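What the coordinates show
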Amino acid sequence: MPPPGLSAQDLYTPAGTVPAPVALDLFRTLARLRRFEKRAYDLFLQNLVKGTSHLSLGMEAIAAGFATAMTPEDYTFATYRGHAHTLARGAPMDAVLAELLGRDTGLLHGKGGSMHLTDVTHGVLGSYAIVGAHLTVALGAGWSARYLGRPRVTVVFFGDGATNIGAFHEALNLAATWRLPVVFVCENNQYMEYTPIRAVTAVRRPAADRAAAYGMEPVLIDGNDADAVFLAAAHFVGRARAGDGPALIEAYTYRSTGHSRADPAHYKPADEVAAWAAYDPLDLYRRRLSDAGVPSSTLDGIEAEAAAEVEKATVSAKGAPTPGPDRLLTNLWADGGSSWRN
């Protein structure tokens, strides 16, 4: 069944099948990401999450599918909606949650927060608050892999709104010209901050319909189908690693919440919200595995493990200290001037 608003003919259908062990890993990741994002929402309402937060509830299959298809040497660049991508690449859940709470045990010792998650040891080279700013940085990471002769692929995620800014086109043009190992993934959740992407974009598919301008294949995948995401990711990441150049993938999905926790999303039509709620990626995948013969007890156990991990991370983060003055004064330019440039 295709996602709401699309037909099967609209979608790129990747070849291959997902091995059973990989399918269980995908479900495990989906369950972890869902539980984490729900907990982040609850903690925000308790005024424990510092600053704002942007959740990927309803979009978890994209992070799960790509991370599962990538190797530890590959790089991920995410937007400010980066919790799921950071966790899916292997960042410790307690450290991610502690970062949201502004604690010293966080990934960045509480100084980055929700919008700037970074974990270089797991290939996550940052979450970026400026829309599209990371596209050209990811381009540089791809160029470095080519220059150093390393079989490393950079995967850069961005929202549908970023397809209308200059950096999107500049990065695609150079990546294609230089045949860099970069996979561009548009997480088309159909809304920018509060505006439907269709209201301000001349083409129906904001990323896929522009691929031909840069000599790339137009690829539109079901971003709520973890199998489709994984198989497409495995194909195009493998292709980039083999030296066959970049790819542009549009993953069609839906954020079930507002743009941020300050947004109640009253602008979304009720029937649209209901249609996508019935096409939830975690529910879809659980039914698929159940239909394939995976016992309910196995699936229940995976979800229980995810819930327990979130509880443990919550206790750890709440009990962790906030960064002291000695920590706050690290990673800064001492005089605030420009002498370091020289």
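So, here is what we can say about the structure in this document.

Among the six residues that make up strand β3 (residues 154-159), five are buried, leaving the element largely enclosed by the rest of the structure. Here strand β1 (residues 75-79) pairs with β3 via three bridges, running parallel. When the sheet's bridge partners are listed, T76 is paired in β3 with V155. Here β3 runs beside strand β4 (residues 182-188); their pairing, made up of six bridges, is parallel. Bridge assignment links F157 to a residue of β4, and that residue is V185. Running through helix α6 (residues 166-178), the crossover from β3 to the neighbouring parallel element β4 is right-handed.

Under the criterion given, the structure shown has one cavity of 30 Å³ or more. Every residue along the wall of the largest cavity is listed here: S56, M59, R81, A84, H85 and E187. In terms of residue class, the lining of the largest cavity is built from two nonpolar, two polar and two charged.

This paragraph deals with the pattern of salt bridges. Tallying each qualifying case throughout the model produces 14 salt bridges. The residue E60 makes a salt bridge to R34 at a minimum N-O spacing of 2.6 Å. Taken together, the residues span a long stretch of sequence, with E60 in helix α2 (residues 60-69) and R34 in helix α1 (residues 20-45) at a distance of 26 residues. Its salt-bridge partner being R286, residue D300 comes within 2.6 Å of it at the nearest N-O pair. A residue pair is termed long-range when its members are at least 10 positions apart, and D300 in helix α10 (residues 296-319) and R286 in helix α9 (residues 281-291) qualify at 14 residues. According to the relative accessible area criterion, R286 is partly exposed, its value standing at 21%. Members of the salt-bridge network, linked through shared partners, are R34, E60 and D280.

Now for the side chain of R89. For R89, the position within the fold is in the loop between α3 (83-88) and α4 (93-100). This buried residue, R89, is left without a salt bridge; D74 holds the nearest opposite charge, at 5.9 Å. For R89, the side chain forms a polar contact with the main-chain oxygen of H122, separated by 3.5 Å.

Going residue by residue along strand β5 (residues 219-222), you find V219 and I221 tucked away on one face and L220 and D222 tucked away on the opposite face as well. The pairing of β5 with strand β6 (residues 247-252) spans four bridges and is classified as parallel. Within β6, the residue paired with I221 across the bridge is A251.

This part covers unusual backbone geometry. Phi is positive for H109, which is not a glycine, with a value near 60°. Within the fold, H109 resides in the loop between α4 and β2 (124-128). H109 sits in the partly exposed class, given a relative accessible area of 27%. Residues other than glycine seldom take positive phi values, yet Q190 does so here, at roughly 80°. Summarising the element assignment, Q190 is placed in the loop between β4 and β5.

Rules used in this analysis
- Residue positions are counted from 1 within each chain, in the order its sequence is given.
- Local features in a predicted model are, by the rule used here, given only for residues with pLDDT of at least 70; side-chain atom pairs are given and counted only at 80 or more, and totals for whole chains, interfaces and linings are based on all residues.
- The basis for the side-chain values is all heavy atoms of the structure; hydrogens and waters are excluded.
- Relative accessibility thresholds used throughout: buried, under 20% of the residue-type maximum; exposed, over 50%; partly exposed, between the two (1.4 Å probe, protein chains only).
- Put simply, DSSP marks the helices as runs of H or I at least four residues long and the strands as runs of E at least two long, and each gets a number from the N terminus on.
- Pairing between strands is defined by DSSP: at least two bridges between them are needed.
- Seen with its strands pointing away from the viewer, a crossover is right-handed if its path from the first strand over the helix to the second goes clockwise.
- Using only the protein atoms, space was sampled on a 1 Å grid; points where a 1.4 Å probe fits but cannot get out form cavities, open sets with protein on both sides within 12 Å along at least five of seven lines form pockets, and lining residues are those with an atom within 4 Å of a point.
- Grid points are joined across faces, edges and corners, and a volume is the space filled by probe spheres set on the points.
- Put simply, Ala, Val, Leu, Ile, Met, Phe, Trp, Tyr, Cys and Pro go in the nonpolar bin, Asp, Glu, Lys and Arg in the charged bin, and everything else, Gly too, in the polar bin.
- Basic side-chain nitrogens of Lys or Arg form a salt bridge, by our definition, when they fall within 4 Å of a carboxyl oxygen of Asp or Glu.
- Under the convention used here, Asp and Glu are negative, Lys and Arg are positive, and both His and the chain ends fall outside the count.
- Counting of polar contacts relies on pairs of N or O atoms within 3.5 Å, with two restrictions inside protein: one atom must be capable of donating a hydrogen and the other of accepting it, and residues adjacent in sequence are counted only when both atoms are side-chain atoms.

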